[in-house]
Number of protein chains: 2
Amino acid sequence: MRGEATPRLREALEDDIVSGRLKPGQRLDEVSLAERFDVSRTPIREALIQLAASGMVEIRPRRGAFVALLGPRALIESFELMAEIEAACGRLAARRMTPEDRAAIEQSHAGCAAAVAAEDRETYYAENARFHAAIYAATGNRVLAGEAQRHQRLLQPYRRLQLRVPRRMDASFAEHEAILDALLKGDGDLAAERLRAHVLVQGERFLNLITALQDEAEAVARVG
Amino acid sequence: MRGEATPRLREALEDDIVSGRLKPGQRLDEVSLAERFDVSRTPIREALIQLAASGMVEIRPRRGAFVALLGPRALIESFELMAEIEAACGRLAARRMTPEDRAAIEQSHAGCAAAVAAEDRETYYAENARFHAAIYAATGNRVLAGEAQRHQRLLQPYRRLQLRVPRRMDASFAEHEAILDALLKGDGDLAAERLRAHVLVQGERFLNLITALQDEAEAVARVG
DNA sequence: GTCAATCATCATGTATGCAAGATTATAGGA
DNA sequence: TCCTATAATCTTGCATACATGATGATTGAC
């Protein structure tokens with residue numbers, strides 16, 4: 001076997017969670033996972049512990065690991081934290097972004113525009129993630145960018161659902177335009193303000209969907 | 001043995017790192033730790049993995065675990081992240097703090113005042129941590145408060161050193177007073193601004209000490 | 001028929017064993 | 001004497017084994 005197993009397992013499980021193949025609340029049985037990946041329980045456990053530390057998995061002592069299921073309160077608070085992190089990124093990016101950073105942001109913004117025109121939600125979803133990631137990178141602060149990326153991935157399972165909201169894609173794109181405008185003007189405070197609102201509005205609109213998700217996830221948890 | 005070993009080990013190791021008993025760069029040998037805590041390598045490994053995920057420990061594949069040693073760049077970036085998180089906490093705390101939150105903040109501020117009067121750096125160090133923690137709690141956002149706490153602990157080994165800077169304690173206290181003033185006025189933007197500056201100035205003054213720390217830590221790494 | 005208590009089963013948490021890569025020591029040559 | 005190559009040792013990473021607490025099934029009582 002080439003390379004070590006644990007990092008590969010962590011990435012595979014994280015991808016399954018972020019992409020929604022593993023749903024919030026779902027049980028993660030060590031033995032089943034060990035069989036599925038054809039390894040012993042040891043590297044599975046180590047991968048689960050890492051995911052738990054990053055918040056993607058919840059480990060209840062003696063009761064097993066579950067895909068993290070954020071309740072309404074935790075979800076609101078997480079979006080608020082995300083809003084503040086994004087605002088910080090916007091403040092710093094406006095001041096520091098290099099021409100390359102700027103090009104990357106504009107390119108992903110163009111990708112978003114194309115997705116809106118094509119009414120392709122999956123593509124918009126992906127390009128939106130790139131747009132935000134480009135802003136993180138433009139801060140020039142790798143520690144901050146890493147934290148921003150981690151939290152974005154944490155909320156990804158919930159964001160995906162959020163795009164089902166009617167007209168949300170157009171509204172999101174309009175907000176992106178305003179954010180880009182502030183960044184290009186070099187107005188850090190304005191960029192921060194607009195990014196914060198952009199994320200917070202997601203969280204708010206999103207609350208309508210929480211109950212539905214909660215029920216769905218709990219049903220999965222009961223069955224699986 | 002009552003309860004599980006891993007959480008206890010994680011806490012013990014984290015305390016050793018935060019308190020400075022284990023120094024940045026120091027090697028963490030699994031076998032030695034297992035003997036010291038009288039457990040097998042398994043729970044030691046799991047505790048180290050958790051600490052690595054939170055950033056307190058660095059695990060280099062096949063080469064072992066080390067107490068995280070932040071280079072100059074990572075340190076600057078970490079302080080900048082901390083400044084933004086604290087600013088966010090200040091913004092929200094100013095708007096939302098309850099009378100109990102306010103009492104807790106004022107109480108720890110009084111503790112800081114006493115420590116300054118007594119020129120007791122260790123006490124100031126502890127009360128300062130309480131002051132900041134009280135602001136985190138006053139946001140009413142547990143997720144945000146948790147992140148703030150985690151990052152504060154991450155930087156604690158370096159902060160401790162920082163208090164050696166002459167006159168820093170008095171300056172720090174004066175800044176606290178200005179922060180408290182903004183919070184009591186309910187001016188979130190001002191509190192954010194002052195908290196950001198308060199943390200950033202620590203990071204800046206701190207740079208003078210980095211080289212010394214780096215050398216010291218590397219010497220430890222070579223010996224230990 | 002419902003509920004409670006006991007017991008069987010199962011999963012987790014920890015210990016131990018083993019293989020492979022990393023580190024260090026040693027021996028040989030320049 | 002110094003450098004290099006090789007071998008011994010040590011440590012990590014994973015597999016396996018075992019004990020304890022949790023889960024749920026079955027039996028008995030009401």
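Everything that follows concerns the structure shown earlier in this document.
If you're wondering where the values come from, they're calculated on a predicted model, not measured in any experiment. (Residues numbered from 1 in each chain as written. Chains lettered and ligands numbered in written order. Predicted model: local features only at pLDDT ≥ 70, side-chain atom pairs only at ≥ 80, totals over all residues. Heavy atoms only, no water.)

Undergrad: Help me out: how do you make sense of helix α2 (residues 30-37) of chain B in this one?
TA: One full turn of an α-helix is made of 3.6 residues, so residues set three or four places apart face in the same direction. All names here are of chain B. Among all positions of α2, only E30, L33, A34 and F37 are buried. Buried residues of α2, viewed axially, fall in a sector of 105°; they line one side. For α2, the elements touching its buried residues are α1 (5-19), β1 (27-28) and α3 (41-54). Count one or two residues on from α2 and you reach D38, which has phi positive near 60°. (Buried < 20%, exposed > 50% of the residue type's maximum accessible area, 1.4 Å probe, protein only. Helix = DSSP H or I, 4+ residues; strand = E, 2+ residues; numbered from the N terminus. Arc of directions from axis to C-beta. Contact = heavy atoms within 4.5 Å.)

Undergrad: Would you explain the relation of the copies chain A and chain B in this entry?
TA: What relates the pair of chain copies is a rotation about an axis plus a shift along that axis. Superposing chain A onto chain B requires a rotation of 180° together with a translation of 0.0 Å along the rotation axis, leaving an RMSD of 0.1 Å. Interpreted geometrically, this transformation is the action of a two-fold axis. (Least-squares fit on C-alpha atoms with pLDDT ≥ 70 in both.)

Undergrad: Looking at this model, I keep getting lost on the pairing of strand β2 (residues 57-60) of chain B. Mind explaining?
TA: The two faces of a sheet get side chains in turn, since along a regular strand they alternate between them. Residues and elements named next belong to chain B. The sheet contact formed by β2 and strand β3 (residues 64-67) spans 4 bridges and is antiparallel. Paired with E58 across the strands is F66, a residue of β3. Adjacent in sequence and paired antiparallel, β2 and β3 are bridged by 3 residues, among which R62 carries a positive phi angle near 65°. (Pairing = 2+ DSSP bridges.)

Undergrad: I tried to follow the protein's contact with DNA strand D on my own but got confused; where do I start?
TA: Near DNA strand D you find 18 residues, and of these A5, S40 and R63 of chain A together with R41 and R62 of chain B are the closest. Counted by atom, the contact set of DNA strand D within 4 Å of the protein is 67% sugar and phosphate. Within the side chain of R62 of chain A, a nitrogen or oxygen atom sits 2.9 Å from a base oxygen of DNA strand D. Looking at the surface near DNA strand D, the elements that each hand over two or more residues are α1 (5-18) and α3 (41-54) of chain A together with α3 of chain B. At 3 residues, α3 of chain A tops the list of elements feeding residues into the surface near DNA strand D. (Near = heavy atom within 4 Å. Polar contact = N/O pair within 3.5 Å; in protein donor to acceptor, adjacent residues only side chain to side chain.)

Undergrad: Got a minute to help me understand the pattern of salt bridges in this structure?
TA: Proximity of charged atoms lets side chains of opposite charge pair with each other. Summed over the entire model, instances satisfying the criterion amount to 48 salt bridges over all chains. Here E4 of chain A and R62 of chain B are joined by a salt bridge, their closest N and O atoms 3.8 Å apart. With one member in each of two chains, E4 of chain A in the segment before α1 and R62 of chain B in the loop between β2 and β3 form a pair that bridges those chains. Judged by its relative accessible area of 80%, R62 of chain B is exposed. (Salt bridge = Lys/Arg side-chain N within 4 Å of Asp/Glu carboxyl O.)

Undergrad: Looking at this structure, I do not really get the interface of chain A and chain B. What am I missing?
TA: One frequent convention defines the size of an interface as the accessible area lost when the parts assemble. The interface of chain A with chain B comprises 28 residues on the first partner and 28 residues on the second. A salt bridge links R91 of chain B to E84 of chain A, with the nearest nitrogen and oxygen atoms 3.2 Å apart. The tally of links from chain A across to chain B stands at 19 residue pairs in polar contact (both at pLDDT 80 or more). Listing elements by their share of the side of chain A that touches chain B, those giving two or more residues are α3, α4 (72-96) and α7 (142-162) of chain A. Top contributing element to the side of chain A that touches chain B by residue count: α4 of chain A, with 11 residues.

Undergrad: Is there a simple way to think about the protein's contact with DNA strand C in this case?
TA: Looking at DNA strand C, there are 18 residues lining it, with R45 of chain A together with A5, T6, S40 and R63 of chain B nearest. Considering DNA strand C, the proportion of its atoms within 4 Å of the protein that are sugar or phosphate atoms stands at 65%. At 2.8 Å, a side-chain N or O of R41 of chain A approaches a base nitrogen of DNA strand C. Between S40 of chain B and DNA strand C, the recorded distance is 2.5 Å, taken from a side-chain N or O atom to a phosphate oxygen. When residues of the surface near DNA strand C are traced back to their parent elements, those giving at least two are α3 of chain A together with α1 and α3 of chain B. The leading source of residues in the surface near DNA strand C is α3 of chain B, at 3 residues.

Undergrad: When you look at the packing of helix α5 (residues 99-118) of chain B against helix α6 (residues 121-138) of chain B in this model, what are you seeing that I'm missing?
TA: The angle between the axes and the distance between the axes are what describe a pair of packed helices. Residue and element names in this part refer to chain B. Two elements in contact, α5 and α6, have axes separated by 8 Å at closest approach and are oriented at 165°. The angle between α5 and α6 places the two elements in the roughly antiparallel class. The way α5 lies across α6 gives a crossing that is left-handed. Taken together, the residues of α6 that come into contact with α5 (itself represented by D101, A104, I105, Q107, S108, H109, G111, C112, A115 and V116) are T123, Y124, E127, N128, R130, F131, A134, I135, A137 and A138. Within the contact of α5 with α6, the residues separate by chemical class into 11 nonpolar, 6 polar and 3 charged. (Axes fitted to C-alpha atoms, helices over the stretch in contact; angles between N-to-C directions. Parallel < 35°, antiparallel > 145°, perpendicular 65-115°, else oblique. Left-handed = near helix turned anticlockwise from the far one by under 90°. Nonpolar A, V, L, I, M, F, W, Y, C, P; charged D, E, K, R; others polar.)

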